[in-house]
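# Remarks on the overall topology
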Amino acid sequence: MNIQSKLSADPVGPTATRRDLVVGAIVTSSALLVGCSPMDLLGLGAKKQDFGSFGPFIKIGTDGVVTVISKHIEFGQGTHAGLAAIVAEELDADWSTVKVEQSSANIKVYANLLMGAQGTGGSTAIANSWMQLRKAGAGARAMFVNAAAAKWGVSGKEISVKNGVLSHASGKSASFADLLADAGKMTPPAEPTLKDPKTFTLIGTQSVRRKDSKVKSDGTAVYTQDIHMPDMLTAMVAHAPLFGAKVKSFDDSEALKVKGVVQVFKISSGVAVVAENTWAAKKGRDALKVTWDDSKAEKRSTPEIIEDYKKISAAREGSKPFDVHGDVAKGFDGELTKFGFDFPYLSHAPMEPMNCVAQVDGQKVKLTYGCQGPTMDQMAVAMALGVLPGAVEIETLFAGGSFGRRASPSAEYVVECALIAKKVGGFRPVKLVWDREDDMTGGRYRPMVRHDLAIKVGADGYPAAWRHTVVTQSVMKGVPMPQGKFDATAVEGALGSPYLKATPVVDAHVAIADSPVPVLWWRSVGATHTALVMEHVIDQLAAKAKIDPADYRRTLYKKAGADRHLAVLELAVAKSGWGSALPSGTARGIAVHESFGSVVAQVAEVSMKDGEPRVGRVVCAVDCGIAISPDQIAAQMEGGVAYGLSAALYGAITLKDGAVEQRNFDGYRVLRHNEAPTVETYIVPSGANPTGVGEPGTPVIGPAVANALLVLTGKPTQSLPLVKA
Amino acid sequence: MSIALEINGKTLQVEAEADTPLLWVLRDELKMTGSKFGCGIAQCGACTVHADGQPIRACSTPIEALAGVKITTIEGLGGEHALQAAWVKHDVPQCGYCQSGQIMAAAALLAKKPRPTDADIDEAMTGNVCRCGAYQRIRAAIKDAAATLSA
């Protein structure tokens with residue numbers, strides 16, 4: 001999000017100008033504002049929130065039922081259950097009755113401790129909450145123990161807690177409900193004693209299951225799309241057919257004739273049609289005639305962009321080094337093996353297209369939707385409406401998937417809804433509905449990427465010198481987050497790779513290309529392409545050296561000191577029966593990749609069916625630190641494999657003269673039931689603090705399949721998707 | 001137009017334009033929001049309901065085509081269906097948005113084939129997309145529910 005251009009582009013009310021500048025200053029130079037923390041500034045305008053006796057993460061009812069407040073959204077990854085289990089473990093609550101509630105938007109209390117702002121992403125929900133929630137749970141437990149000790153006249157050390165019941169050897173016993181009032185008066189210890197993870201009774205067991213499966217199986221779970229409020233209007237927006245185009249003029253005469261259409265007006269992103277219901281809004285939008293100014297729009301087609309990227313790569317135009325070590329001047333003398341890869345734009349295509357419900361009345365703003373990044377969205381809406389960010393109240397609902405899509409720094413669909421609600425005014429609720437076509441043609445794609453490599457192979461068959469150039473758009477462009485010397489998210493996975501560490505001479509650069517096509521993080525971000533490049537190159541080098549690809553990796557991991565890579569590799573090798581015979585026409589491929597602090601190895605069994613690769617069994621080994629919910633870790637590996645496989649086999653958004661060619665699931669093919677593999681998940685035992693599982697399973701399957709195809713067909717993969725349209 | 005729709009065993013009088021897809025009548029007029037909007041062109045199955053026992057895509061079925069047709073939605077399945085119990089047992093849902101449609105497609109399958117093979121499941125379920133990739137759990141839950149119902 002370019003805050004300054006937004007400031008000038010989006011007209012705001014006269015009362016708002018100064019505040020906008022304040023907010024703009026916060027966002028663009030928060031580090032320079034001495035004496036105020038960004039959290040204070042980004043929370044400006046927030047109502048003071050009072051929490052109960054047990055703090056902002058725990059509520060306990062008079063019936064003793066424990067409710068854990070989740071600062072993170074639940075949109076599939078089992079986060080709610082995982083966070084609740086952390087609290088329940090330390091509190092010794094009765095897990096079977098523990099409930100989860102979604103927190104409000106409040107950066108001061110509910111910031112993601114790895115982001116410095118409230119938001120869910122980067123597979124950090126569990127990792128950043130781990131100590132925070134353990135302390136919250138242990139603190140509340142201590143309050144109950146102290147209350148019981150005082151009441152019974154015994155030492156707290158003699159009291160045990162199990163399933164929400166405190167007991168003493170004397171036979172005295174009381175539930176959380178019995179002791180609630182007394183416990184609430186206790187002062188929580190500043191540094192509560194935490195359990196030794198070896199004594200956990202809930203964490204790591206099969207008891208840690210989802211809390212939302214029932215409501216998600218009977219149709220009662222509430223998503224943004226399901227919100228109905230009294231007097232609510234529904235809006236759809238006619239968006240530009242080309243990225244970077246703007247409304248020149250529009251004719252709404254036919255649209256206004258549609259029964260149920262209430263209002264039609266221009267907003268910064270297009271022309272809004274506001275109606276009494278969704279169908280009327282859609283018919284009204286269909287009847288609009290809009291003329292677009294496309295003078296600054298992207299008009300290239302995909303093949304031209306690929307050629308442009310190749311040129312940038314060859315010339316290393318404006319590139320920046322991300323890993324350069326060894327004697328680069330002499331290291332590349334002699335024969336080099338070259339590799340090139342092209343990756344397309346990808347749509348996230350979550351099942352629930354983007355949407356939002358907004359109510360605006362002057363400085364009063366309420367948003368109700370599946371909000372992934374409360375702080376980012378508050379900032380963006382504050383800028384657009386001219387209100388203080390903390391004054392933007394957000395009620396977060398379940399979201400029907402995201403995979404990164406709802407963490408859009410420009411919050412374009414949220415802002416769109418807020419602008420429409422402002423125009424409607426009077427705090428009247430407006431639900432913005434994007435249909436699948438809006439969603440799929442609306443950009444915020446995983447960027448296109450080009451990789452070029454030139455590798456000198458040593459006499460031992462292992463890389464002696466590795467030259468690598470990555471060309472892509474930057475998802476960090478204009479994002480109000482610290483910008484490093486280069487966009488690390490564009491190369492993560494190559495950056496930090498044990499293969500580069502094990503190679504004596506490395507010359508790796510990244511060059512950022514530009515386009516009006518908006519790009520965004522997409523489940524596993526840089527790893528979506530770097531994992532395929534690194535892992536597929538390794539198999540080709542191993543084949544050239546006539547070394548088994550698992551052995552080849554072992555050698556390099558040992559050289560690089562990559563113990564966790566080695567451990568997942570060995571586990572996957574053992575569980576998959578690596579090296580054993582397979583039916584004719586089936587081959588195995590292996591890949592190992594670290595992302596977001598977790599390391600995953602996958603072995604895929606691949607055959608060809610009707611001319612297309614078909615993946616049968618996938619053996620997945622994961623090291624994600626202490627496993628909180630083995631079942632949900634498995635679910636994320638299964639889901640990550642399906643999501644990554646869908647992209648590797650079929651995923652591509654292509655442009656023709658700038659226009660997106662895929663508008664819905666008929667053009668953008670996704671993995672379906674009959675194409676889904678069976679994933680077996682094995683977890684490496686670990687005592688380390690937990691890392692994430694939402695993303696790390698995703699990028700590994702593509703290269704595992706490409707490596708199996710290399711065995712099966714002898715042909716290396718040079719571009720995705722594997723199945724050409 | 002005014003039309004009488006028979007939904008989950010009740011006759012409901014609805015006022016809507018004749019071309020309105022059943023999905024928007026269910027969701028916007030009747031506030032039965034279990035059936036989801038995913039694609040609008042019968043490509044993803046999130047809106048799957050039964051019409052006289054057959055799975056149909058509510059997003060692409062205008063109400064004018066539904067006079068005298070018995071419609072069953074996820075709300076009409078009752079919440080205690082063997083499939084729903086199996087869905088919970090296997091923790092099938094992730095984001096959960098497609099699951100009403102998945103369950104309705106599976107319910108129509110089991111009504112026709114009480115002990116479906118993998119090929120039957122492929123055929124009946126392939127129109128239902130799950131972007132979270134809960135496919136293998138859906139398959140396991142269908143088989144589990146089939147076993148319960150046949151026991």
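Residues numbered from 1 in each chain as written. Chains lettered and ligands numbered in written order. Predicted model: local features only at pLDDT ≥ 70, side-chain atom pairs only at ≥ 80, totals over all residues. Heavy atoms only, no water.

Turning our eyes to something else, we now look at the interface of chain B and chain A. Residue-level contacts link 51 residues of chain B with 58 residues of chain A. Connecting chain B to chain A are seven salt bridges. The closest approach of N and O atoms between B:Arg137 and A:Asp631, which form a salt bridge, is 3.2 Å. On inspection of chain B and its partner chain A, the count reaches 36 residue pairs in polar contact (both at pLDDT 80 or more). At the level of secondary structure, the elements contributing two or more residues to the side of chain B that touches chain A comprise α1 (22–29), α2 (82–89), α3 (99–112), α4 (118–125) and α5 (135–150) of chain B. With five residues, α5(B) is the largest single contributor of residues to the side of chain B that touches chain A. By residue class, the composition of the side of chain B that touches chain A is 20 nonpolar, 18 polar and 13 charged. (Contact = heavy atoms within 4.5 Å. Salt bridge = Lys/Arg side-chain N within 4 Å of Asp/Glu carboxyl O. Polar contact = N/O pair within 3.5 Å; in protein donor to acceptor, adjacent residues only side chain to side chain. Helix = DSSP H or I, 4+ residues; strand = E, 2+ residues; numbered from the N terminus. Nonpolar A, V, L, I, M, F, W, Y, C, P; charged D, E, K, R; others polar.)

The next thing to look at is the packing of helix α17 (residues 549–560) of chain A against helix α18 (residues 563–576) of chain A. Residue and element names in this part refer to chain A. Two elements in contact, α17 and α18, have axes whose closest approach is 9 Å; the angle formed by their N-to-C orientations is 160°. Relative to α18, α17 is oriented roughly antiparallel. Here the hand of the crossing between α17 and α18 comes out left-handed. Contacts between α17 and α18 involve Ala550, Arg553, Arg554, Tyr557 and Lys558 from the former and His565, Leu566, Leu569, Glu570 and Val573 from the latter. Along the lines of polarity and charge, the residues of the contact of α17 with α18 split into five nonpolar, one polar and four charged. (Axes fitted to C-alpha atoms, helices over the stretch in contact; angles between N-to-C directions. Parallel < 35°, antiparallel > 145°, perpendicular 65-115°, else oblique. Left-handed = near helix turned anticlockwise from the far one by under 90°.)

Turning next to the sheet that holds strand β18 (residues 449–457) of chain A. Residues and elements named next belong to chain A. If you walk across this open sheet you meet the five strands as β12-β20-β19-β18-β13, and the pairing is mixed. Edge positions in the open sheet fall to β12 (320–325) and β13 (337–343), since each of these has one partner strand only. Taken over all neighbouring pairs, the strand axes of this sheet differ in orientation by 10° on average, direction set aside. Sheet topology note: the β18/strand β19 (residues 463–472) ladder contains nine bridges and is antiparallel. Within the sheet, the bridge partner assigned to Val457 lies in β19 and is Pro463. (Pairing = 2+ DSSP bridges.)

So, on to the packing of aromatic side chains. The description of two aromatic rings rests on the distance between their centres and on the angle between their planes. All names here are of chain A. Summed over all chains, the structure comprises 16 aromatic pairs over all chains. Here the aromatic rings of Phe144 and Phe176 are separated by 4.3 Å at their centres, their planes lie at 20°, and the arrangement is stacked. On the criterion of sequence distance, the pair formed by Phe144 in helix α6 (residues 125–152) and Phe176 in helix α7 (residues 176–185) is long-range, its members being 32 residues apart. Under the relative-accessibility criterion, Phe144 is labelled buried at 0%. Aromatic pair Tyr462 and Tyr552: ring centres 4.3 Å apart, planes at 20°, arrangement stacked. Here the residue Tyr462 occupies a position in the loop between β18 and β19, and Tyr552 occupies one in helix α17, the gap between them amounting to 90 residues. (Phe/Tyr/Trp six-rings, centres within 6.5 Å; stacked < 30°, edge-to-face > 60°. Buried < 20%, exposed > 50% of the residue type's maximum accessible area, 1.4 Å probe, protein only.)

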